[in-house]
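# Inside the fold
Read off the chains here:
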Amino acid sequence: MNKIWWKILGSMLVIYTAIAGLLLGVPRLPIINESIRNLYFHVPMWFAMIVLFSISVFYSIKSLSTKSETDDLKAVESVNAGIIFGLLGLVTGAIWAKYTWGQFWSFDPKQNFAAISVLLYFAYLILRNAIDEEQKRAKISAIYNIFAFPMMVVLLFVLPRLKDSLHPGNGGNPGFNSYDLDSRMRMVFYPACLGWIIIGYWVYTIRFRIRSIENNQQHN
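Residues numbered from 1 in each chain as written. Predicted model: local features only at pLDDT ≥ 70, side-chain atom pairs only at ≥ 80, totals over all residues. Heavy atoms only, no water.

Convention followed: UniProt positions are given in the numbering used here, feature names are shortened, and annotations may be inferred rather than shown by experiment.
By the naming in an unreviewed UniProt entry, the protein goes by Heme exporter protein C and is assigned to Pedobacter petrophilus. As its UniProt record puts it under Sequence similarities (unreviewed entry), the protein is described as follows: "Belongs to the CcmC/CycZ/HelC family."

### Concerning the overall build of the protein
Convention followed: Think of it this way: any DSSP run of H or I at least four residues long counts as a helix, any run of E at least two long counts as a strand, and we number them from the N terminus. The criterion used for residue contact is that any of the two residues' heavy atoms lie within 4.5 Å.
For the protein, the helix and strand inventory stands at seven helices and zero strands. For the protein, the α and β elements follow one another from N to C terminus as α-α-α-α-α-α-α. Of the contacts formed within the protein by residues at least 6 apart in sequence, a portion of 77% connects residues at least 24 apart.

### Regarding the nonpolar core
The following threshold applies: The criterion is simple. A nonpolar core is a set of buried Ala, Val, Leu, Ile, Met, Phe, Trp, Tyr and Cys residues joined through side-chain atoms within 4.5 Å. Each residue gets one of three labels from its accessible area relative to the maximum for its type: buried under 20%, exposed over 50%, partly exposed in between, using a 1.4 Å probe on protein chains only.
Met49, Phe53, Phe85, Tyr121 and Met152 are the most contacted members of the largest nonpolar core, which totals 48 residues. Among the elements of the structure, α1 (5–23), α2 (39–66), α3 (69–101), α4 (109–129), α5 (134–158) and α7 (183–219) are those that each provide at least two residues to this core. Apart from residues no more than four positions distant in its own chain, Phe53 is found in contact with Ser78, Val79, Gly82, Ile83, Tyr121, Phe149 and Met152.

### Here we look at unusual backbone geometry
Positioned with a positive phi, Lys67 is a non-glycine residue whose angle comes to about 55°. For Lys67, the position within the fold is in the loop between α2 and α3. Backbone geometry places Phe107, a non-glycine residue, at a positive phi of 55°.

### Here's the deal with the environment of Ile146
Residue position: Ile146 is located in helix α5. Spatially, the C-alpha atoms of Ile146 and Ser54 are 9.8 Å apart, while their sequence positions differ by 92 residues. Every residue in contact with Ile146, bar those within four places of it in the chain, is listed here: Val57, Ile61 and Leu64.

### Observations regarding the UniProt feature "transmembrane region" (unreviewed entry) in the protein
UniProt's feature table lists "transmembrane region" (unreviewed entry) at residues 12–31, 43–61, 82–101, 113–131, 143–162 and 187–204, given in the numbering used throughout. The straight-line gap between the two end C-alpha atoms of residues 43–61 is 27 Å; of that span, 100% is helix and 0% is strand. For the annotated span residues 187–204, helix accounts for 100% and strand for 0% of the residues, and the straight-line distance between the end C-alpha atoms is 27 Å.

### Some points on α1
Selection criterion: A helix is expected to span 1.5 Å multiplied by its residue count minus one.
Taking 1.5 Å per residue, 19 residues should reach 27 Å; α1 reaches 27 Å between its end C-alpha atoms and fits that length. Three or more residues of α1 are buried, namely Trp6, Lys7, Gly10, Leu13, Val14, Thr17, Ala20 and Gly21.

Spelled out as structure tokens, the structure:
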């Protein structure tokens, strides 16, 4: 039970998010209207991605000193899991954009920078596949990852603030501070963030175990 309680918690939080997010009331804000419910899915996906990429850069830094294959494997599998949630973030964002802006992709600065941040990590995986020698691959990809993480942070949180955007807080859209004033949304949004982060971590651990088994079979 001690090993699965957090998995049960994550599952229950996501189920709660799905039910409460669709049934509980939301503030009637202009432009966004009922599509505001996507806040419970779109934003937590990005949070889960960021947490997973944070885990990845931690193990990349660690692998440079330990030269451990396990640390390198944890780094790459957390990136693999993070990309899943990055893509889910892009898809849920595109759906939200369709219902609020009229099209799935409007080349809004935040959309563009979010897509570029995900492509940074696709490049990380491509780089790994291009190098055959294990130690060299681990070292070069770790160094790339260490530089990619702050670039991703800048792309998601810094550069979009320097340009006009259709996203909340810009262009006449209500900002997230307006959402936070509604206690009904806080009751769903915060559990949603925690739940999706836990599920993301769970996906990462599953991928890591599978890859570990595959590597052991190859070495034997």
